[in-house]
Amino acid sequence: MQSSHQVLHDVFGFDQFRGAQESIVEHVVAGGDALVLMPTGAGKSLCYQIPSLIRRGVGVVVSPLIALMQDQVDALTQLDVKASFLNSSLDAATAQKVTSQLLAGDLDLIYVAPERLMNPGFLSILDRLNEGPGIALFAIDEAHCVSQWGHDFRPEYRQLTVLHERFPAVPRIALTATADAPTRAEIVERLSLESAHQFVSSFDRPNIRYRVLQKQNAKQQLEHFLDAEHPNDSGIIYCLSRRSVEDTAQWLQDRGWDAMPYHAGLSQEVRSANQKRFLREEGVIMVATVAFGMGIDKPNVRFVAHLDLPKSMEGYYQETGRAGRDGLPANAWMVYGLGDVVSLRQMVDSGEASEDRKRVERQKLNALLGFCESTDCRHQGILRYFGEAHPGNCGNCDNCLEPVETWNATHEVQKALSC
Ligand code: ADP
Ligand code: MG
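Residues numbered from 1 in each chain as written. Chains lettered and ligands numbered in written order. Predicted model: local features only at pLDDT ≥ 70, side-chain atom pairs only at ≥ 80, totals over all residues.

A. Structural view of the overall build of the chain. Looking only at helices and strands, one finds 18 helices and 13 strands in the chain. The globule rule puts the C-alpha radius of gyration for 419 residues at 22 Å, and the 22 Å found for the chain is close to it. Its C-alpha atoms put the chain at 65 × 40 × 40 Å along the principal axes. For the chain, buried positions account for 42% of its 419 residues. For the chain, contacts bridging at least 24 residues in sequence account for 75% of all contacts bridging at least 6. (Helix = DSSP H or I, 4+ residues; strand = E, 2+ residues; numbered from the N terminus. Rg over C-alpha atoms; globule rule 2.2 N^0.38 Å. Buried ≥ 20, exposed ≤ 12 C-beta atoms within 10 Å, placed from the backbone. Contact = placed C-beta atoms within 7 Å.)

See the structure below:
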């Protein structure tokens, strides 16, 4: 049997495992179940890709992100790993071809959308696979999708326990970057992972400097920040609406900044052209809605600016987390005002979601507000939300660098929330 180091080196071209990767790989190779909590960009994929290559049979990866499956499979194919995917984007003939390869034992990894997995036809294919070439493991990526409390609930994820009932001998590895305690508990319960080993990495991003400012004239504040700290850097500016994305990108362009818009209302061509420029060139600013960023792996994003409040701490953490993946100093800079709170609150209230879901969304927004108003260490505040301890006094956030007298906004916020 190949060692995990050999595979890391020979197939993926890396010299060293990062953080807990090695222990996770060893645990799964040995047939254990695992729940992996690691921040985005930390390297969760290798934790199931390497065991899939080492163990007999095919690694079956459940992923909700159809748009990213092609990218993942292309990247693996370039490394000579035999990978393919099955989802609704394939025509019947192609799906048939992939299925034949799978049953012939010609694949190391197969990515599948959760709805496909639950389809009785596919379950019987898995039966045949299990009796033939074998199933190396089940990887459940983005496992927080199983949780109502998570920010990305996918009902099909609830049925994934079928895999365990049908193939009890196949190890399972569930992975997520959403680490708050209620989500974690729900993942364990819903996926029957009570006996899985939990690998919990720190979610701290010590190189990110967090700052939260009162919104006055957002654009001017932004330009002041860019002029002073990022005259030539790559960065992302998040806005709530498509209109404010367009408006801010235009405003920056008019003032000589290399800024581009990105939102779901732009054509596919424009979006992918802008994304390519951002990834390949340096010093480009992407002004975007939250539609931008999933699966973006650019190490030297030097700043993430929020001109509007995100919807939750998870959103804030995920979006700001795109800064400084290379470990070098980076800024997470945000302006927020009570107007943001009111409009987000209205969006929740007037949405289509169930009352239960709306309650969750209001709680999440309130948690984020509490964070914004807090005068405590920001690194500590973020980690506390995710259930992790941090000693505070990070020396790398606004509150630690310039302690302010407690600003009592509670009354104002209460007023805004009650209207
Ligand atoms: P996640 O799923 O946790 O967000 P990925 O698995 O997509 O993260 O990995 C993020 C990036 O880190 C990828 O570009 C990957 O190649 C890289 N990476 C992962 N593990 C290592 C390692 N041990 N050494 C170097 N680069 C790594
Ligand atoms: Mg991932």
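B. Representation of the site of ligand 1 within the structure. Around ligand 1, a shell composed of 14 residues is seen, among which Phe-14, Thr-40, Gly-43, Lys-44 and Ser-45 lie nearest. A breakdown of the residues in the shell around ligand 1 according to their chemical character gives five nonpolar, six polar and three charged. (Near = placed C-beta within 6 Å. Nonpolar A, V, L, I, M, F, W, Y, C, P; charged D, E, K, R; others polar.)

C. Just helix α2 (residues 21–29), in detail. Along α2, the residues that are buried comprise Gln-21, Ile-24, Val-25, His-27, Val-28 and Val-29. If you follow the buried residues of α2, they end up packed against α1 (4–10), β1 (34–37), α3 (45–54), β5 (135–140), β6 (172–176) and β7 (197–200). Following α2 by one or two positions, Gly-31 has its phi on the positive side, about 100°.

D. Here's a closer look at the sheet that holds strand β12 (residues 303–306). The strand order across the open sheet formed by six strands is β8-β13-β12-β9-β11-β10, and the pairing between neighbours is parallel. Here the strands that pair on one side only, and so sit at the sheet edges, are β8 (208–214) and β10 (259–262). Neighbour-to-neighbour, the strand axes of this sheet turn through a mean angle of 15°, independent of strand direction. Two strands pair when backbone bridges link them, and β12 and strand β13 (residues 330–336) are joined in this way by four bridges, in the parallel orientation. (Pairing = 2+ DSSP bridges. Axes fitted to C-alpha atoms, helices over the stretch in contact; angles between N-to-C directions.)

E. Spotlight on unusual backbone geometry. Residues other than glycine seldom take positive phi values, yet Asp-80 does so here, at roughly 70°. Turning to its location among the elements, Asp-80 is positioned in the loop between α4 (66–78) and β3 (83–86). By the C-beta count within 10 Å, which is 10 here, Asp-80 ends up exposed. Positive phi outside glycine occurs at Asn-393, with the angle close to 50°. On the secondary structure map, Asn-393 appears in the loop between α16 (378–385) and α17 (398–401).

F. Spotlight on helix α9 (residues 181–190). Buried within α9 we find Thr-183, Arg-184 and Ile-187. Projected down its long axis, α9 carries its buried residues within an arc of 100°, all on one side. Exposed residues lying more than 90 degrees from the buried face of α9 are Ala-181, Ala-185 and Glu-189. Contact partners of the buried residues in α9: β1 and β6. Positive backbone phi, approximately 45°, marks Ser-192, located one or two places after α9. (Arc of directions from axis to C-beta.)

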